[in-house]
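Coordinate inspection notes
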Amino acid sequence: MRLDFTLNGAVLSLDIDPGLRLIDLLRDVLDMTGTKEGCGEGECGACTIILDGVAVDSCMVMAMQVRGREVLTVEGLEQKGELDELQRAFIDSGAIQCGYCTPGMLMSAKALLMRTPEPTEHEIRSAMAGNLCRCTGYLKIIQAVQKASQMQSAHHA
Amino acid sequence: MPELRFEMPSNLPELAECLAGAGDDTRLLGGGTDLLLQLPALRFQGTTLIDLSGMRELSEMRFEKDVLEIGANVTYARIAQDPFIRSRIPCLAAMAARIGSPQIRNCACLPGNLVNASPGGDAIGTILALDARVRLLNGAGAIRECAIDELVLGIGKTSLSRNEAIIGVRIPIPASPWNAYGKIGLTPRREVIIANVSLTMVFEITEPDRRIRAARMVLGSTSPRAHRVSSAEALCVDQVPSSELAREVAEALKRDVAGTIGANPAFQHKLNDVRGLALDLFHELFALEL
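**Here we look at the sheet that holds strand S1 (residues 5–7) of chain B**
Sheet strands line up and pair through hydrogen bonds in the backbone, either parallel or antiparallel. All names here are of chain B. Pairing in this open sheet of 3 strands is parallel, and the strands run S1-S3-S2 from one edge to the other. The sheet is open, and its two edges are formed by S1 and strand S2 (26–29), each paired on a single side. Direction aside, the axes of adjacent strands within the sheet are offset by 25° on average. Judged from the 4 bridges that link them, S2 and strand S3 (residues 48–51) form a sheet pairing that is parallel. Looking at S3, one finds that Leu 28 is bridged to Ile 50.

So, in structure tokens, the structure goes:
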């Protein structure tokens, strides 16, 4: 079936198997393997992407459901060869260990900062509550999001 | 292997047309967060999915005089964040805010929870407590309404025919915001919690004497389907909220749960859970010392 949608700013028009989930389309068809599949049932958030401005699990969305919509994946965070401030903050804060959950964490955090540029710690914890990490203990991830928020605020001041 | 088929109606007449042709292998796709768990089987069976996500008219919330109509595509995130719902129907906002995770709430909608008909379905109890009615479209293009307890018949069982789709839920707007929702889950996570016990309380209270005229109390996750507890409701009628009343209601709810779960040792923790939940909701609503 024909699928037209916007991926990381680029308009795509593809013929796809309508039985694909969005994560299958990203990873297996488009070879965009930054988005990870963890549980495959909406529990872990590893596959989080941003769909029309909000964080969703790409394992819980059929590929055909993004027709006419805008998808942002972790590959779309980098702009002109520069890491997003959020990615830089994750690195600088040591918020990454094995890294498997990181793309999902980044996308949940990005969705939050797009909506709420200066979130409270409670808002950060709430926004990230659908993402599991089995390495870091979350503290450094929370700190990274706070740091990215401060970097953005300083940048726009 | 047969291929999964995908139909994409964009308005009600097109949806009716899809429903008219629906067979036993047809499923409705809304938010998808329940249905996609079954995707491997659906693919294997060559299922036809009718995708509602492109139907803009189902993405609206309409406030009429005394009724709030929530379209089938309205996500829990929107319900949880809506200022009017938060102020006037806080039980609905609280329920929506505790479904799944932020990612799930950005996709999932009321109908999935209703037709999934799980004993732990959070929305079912709250919709029942609010005396809401479900709007259904059939393959002939006709629309009917039914109460939630006419729709949800048991675990995984509904009265929905294969040629019908839920297109919205009509909720009478409570005259006052004296309503609350709570749940206790089985896991220590703050999100993606499946309810061990859920409770919705809706009070009709007269001012200025602050007397309870009527109460609706619905328990979820303690029986095959969410149910009202008339013994607890009756205790409240013509009473002024008090610590004593809260404790009596909590005990009545506990007795109801005891009657449902019997001696099954795996469920005994629900007794204390429901008591605590009832006291929490009374405290939240009426700031009582408990």
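**A word on the packing of aromatic side chains**
Residue and element names in this part refer to chain B. Taken as a whole and judged by the stated rule, the model has 5 aromatic pairs over all chains. Here Trp 178 and Phe 286 contribute two aromatic rings whose centre-to-centre distance is 5.3 Å and whose plane-to-plane angle is 25°, an arrangement assigned as stacked. Here Phe 286 lies in helix H12 (residues 269–286) and Trp 178 lies in the loop between strand S10 (164–172) and strand S11 (179–185), a separation of 108 residues in the sequence. Residue classification places Trp 178 among the buried residues on the basis of a relative accessible area of 15%. Here the aromatic rings of Phe 203 and Phe 286 are separated by 5.4 Å at their centres, their planes lie at 65°, and the arrangement is edge-to-face. With Phe 203 in strand S12 (residues 195–206) and Phe 286 in helix H12, the pair connects residues that are 83 residues apart, well separated along the chain.

**Notes on the packing of helix H11 (residues 243–261) of chain B against H12(B)**
All names here are of chain B. As a packed pair, H11 and H12 sit with axes 8 Å apart at the nearest point and diverge in direction by 150°. Between H11 and H12, the angle is such that the two are roughly antiparallel. The crossing of H11 and H12 is right-handed. For the pair formed by H11 and H12, the contact residues are Leu 245, Ala 246, Arg 247, Val 249, Ala 250, Glu 251, Leu 253, Lys 254, Val 257, Ala 258 and Ile 261 on the first element and Lys 270, Leu 271, Asn 272, Val 274, Arg 275, Ala 278, Leu 279 and Phe 282 on the second.

Definitions and cut-offs
For every chain, the first residue of the written sequence is number 1, and numbering continues from 1 onward in sequence order. Key to labels: chains lettered from A, ligands numbered from 1, both in the order written. It should be noted that, the model being predicted, local features are given only for residues of pLDDT at least 70 and side-chain atom pairs only at 80 or more, the latter also being counted only at that level, while totals for whole chains, interfaces and linings use all residues. Working from all heavy atoms in the structure, the side-chain values ignore hydrogens and water. Each pair of strands is called paired provided DSSP finds at least two bridges between the two strands. Numbering of helices and strands starts at the N terminus; helices are DSSP runs of H or I of at least 4 residues and strands are runs of E of at least 2. Simply put, an axis is a line fit to the C-alpha atoms, just over the touching stretch for a helix, and the angle between two N-to-C directions goes from 0 to 180 degrees. Aromatic rings from Phe, Tyr and Trp, taking only the six-membered ring of Trp, are treated as a pair when their centres fall within 6.5 Å; an angle between ring planes under 30 degrees marks them as stacked, one over 60 as edge-to-face, and anything in between as tilted. Here's how the labels work: a residue is buried when its accessible area is under 20% of the maximum for its type, exposed when over 50%, partly exposed in between, all with a 1.4 Å probe on protein chains only. Here roughly perpendicular refers to angles of 65 to 115 degrees, roughly parallel to angles under 35, roughly antiparallel to angles over 145, and oblique to all remaining angles. Crossing handedness is defined as follows: a turn of the near helix away from the far one that is anticlockwise and smaller than a right angle gives a left-handed crossing, while the clockwise case is right-handed. Between two residues, a contact is recorded if the distance between any of their heavy atoms is within 4.5 Å.

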